[in-house]
Amino acid sequence: MKNTIKLSFRPDISVIADECEKLESVLTETGIEASPALKVRCIAHEILVNVVRHGKLRGETGNITLDIDIQENKIEMLFIDNGAEWMPDNEVIRHPFRYSSEEELYAPSGKGLRLIGAMCRTYRMVRYNGRNHTSVSVELK
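Everything quoted here is computed from the prediction, not taken from an experiment.

1. Concerning helix H2 (residues 34–55)
Moving on, step 1. For H2, with 22 residues, the first-to-last C-alpha span of 30 Å sits near the 32 Å given by 1.5 Å per residue.
Moving on, step 2. If you check which residues of H2 are buried, you get Pro36, Ala37, Val40, Ile43, Ala44, Ile47, Leu48, Val49, Asn50, Val51, Val52 and Gly55.

2. As for the pattern of salt bridges
Moving on, step 1. Taken as a whole, this structure holds six salt bridges when the rule is applied.
Moving on, step 2. For Asp67, the salt bridge goes to Lys6, with nearest N and O atoms at 3.6 Å. You can see Asp67 sitting in strand S2 (residues 64–70) and its partner Lys6 sitting in strand S1 (residues 3–9), a full 61 residues away along the chain.
Moving on, step 3. Classification of Asp67 as partly exposed rests on a relative accessible area of 22%.
Moving on, step 4. Here Glu19 and Lys22 are joined by a salt bridge, their closest N and O atoms 3.4 Å apart. Placement of the pair is Glu19 and Lys22 together in helix H1 (residues 13–29), with a separation of three residues, close to one helical turn.
Moving on, step 5. Since its relative accessible area comes to 27%, Glu19 is described here as partly exposed.

3. What about the pairing of S2?
Moving on, step 1. Because side chains alternate across S2, one face comprises the buried residues Ile64, Leu66, Ile68 and Ile70, and the other comprises Thr65, Asp67 and Asp69, none of which is buried.
Moving on, step 2. Strand direction decides the pairing type here: S1 and S2, joined by seven bridges, are antiparallel. Considered in S2, the bridge of Ile5 is made with Ile68.
Moving on, step 3. Here S2 folds back onto strand S3 (residues 74–81), and the loop between the two strands holds three residues.

4. Brief notes about the nonpolar core
Moving on, step 1. Residues Met77 and Tyr123 are the most contacted members of the largest nonpolar core, which totals 32 residues.
Moving on, step 2. In terms of residue count, H2 provides more of this core than any other element does, nine residues in total.

5. Considering unusual backbone geometry
Moving on, step 1. Despite not being glycine, Asn129 has its phi angle at roughly 50 degrees, a positive value.
Moving on, step 2. On the secondary structure map, Asn129 appears in the loop between strand S4 (122–128) and strand S5 (131–139).

6. Some points on the sheet that holds S2
Moving on, step 1. Spatial strand order, S1-S2-S3-S5-S4: five strands in an open sheet with antiparallel pairing. Two strands lie at the open edges of the sheet, namely S1 and S4, each paired on one side alone. Strand-to-strand twist in this sheet, taken as the mean axis angle between neighbours without regard to direction, amounts to 15 degrees.
Moving on, step 2. Along the sheet, H2 makes contact with S1, S2, S3, S4 and S5, crossing S5 at roughly 165 degrees.

What counts, and at which threshold
Residues numbered from 1 in each chain as written. Predicted model: local features only at pLDDT ≥ 70, side-chain atom pairs only at ≥ 80, totals over all residues. Heavy atoms only, no water. Helix = DSSP H or I, 4+ residues; strand = E, 2+ residues; numbered from the N terminus. Expected span 1.5 Å × (residues − 1). Buried < 20%, exposed > 50% of the residue type's maximum accessible area, 1.4 Å probe, protein only. Salt bridge = Lys/Arg side-chain N within 4 Å of Asp/Glu carboxyl O. Pairing = 2+ DSSP bridges. Core = buried A, V, L, I, M, F, W, Y, C linked by side-chain atoms within 4.5 Å. Axes fitted to C-alpha atoms, helices over the stretch in contact; angles between N-to-C directions. Contact = heavy atoms within 4.5 Å.

Listed below in structure tokens is the structure:
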């Protein structure tokens, strides 16, 4: 199975939840099981919310694109946005997912990225030509 889905999102917090729900429906309609489709929905929601909340403050004006490649054993996602540069510390998205201290557990930020790290196989961010490129891989099996 190889299938590609290309989406574009307005950087508007009010539409993200509905758009992510539609994304999950599209995935299940293509034959993806409920669990990985839900993971993709949750990951997309967290990344899109972060881009809008944090990137838009510094000039995010264009749409956020998402390319999804559905392969035999995984789903590859590539988010591209022109918001503020952000590079999480590797400790935030480490595998396996666990907090190293009580202070980290109750920290006010970084929880979403830790959840993404727990739900995916790989997670990578780079800044290229003034845009953030965030790639995430989710296992299907």
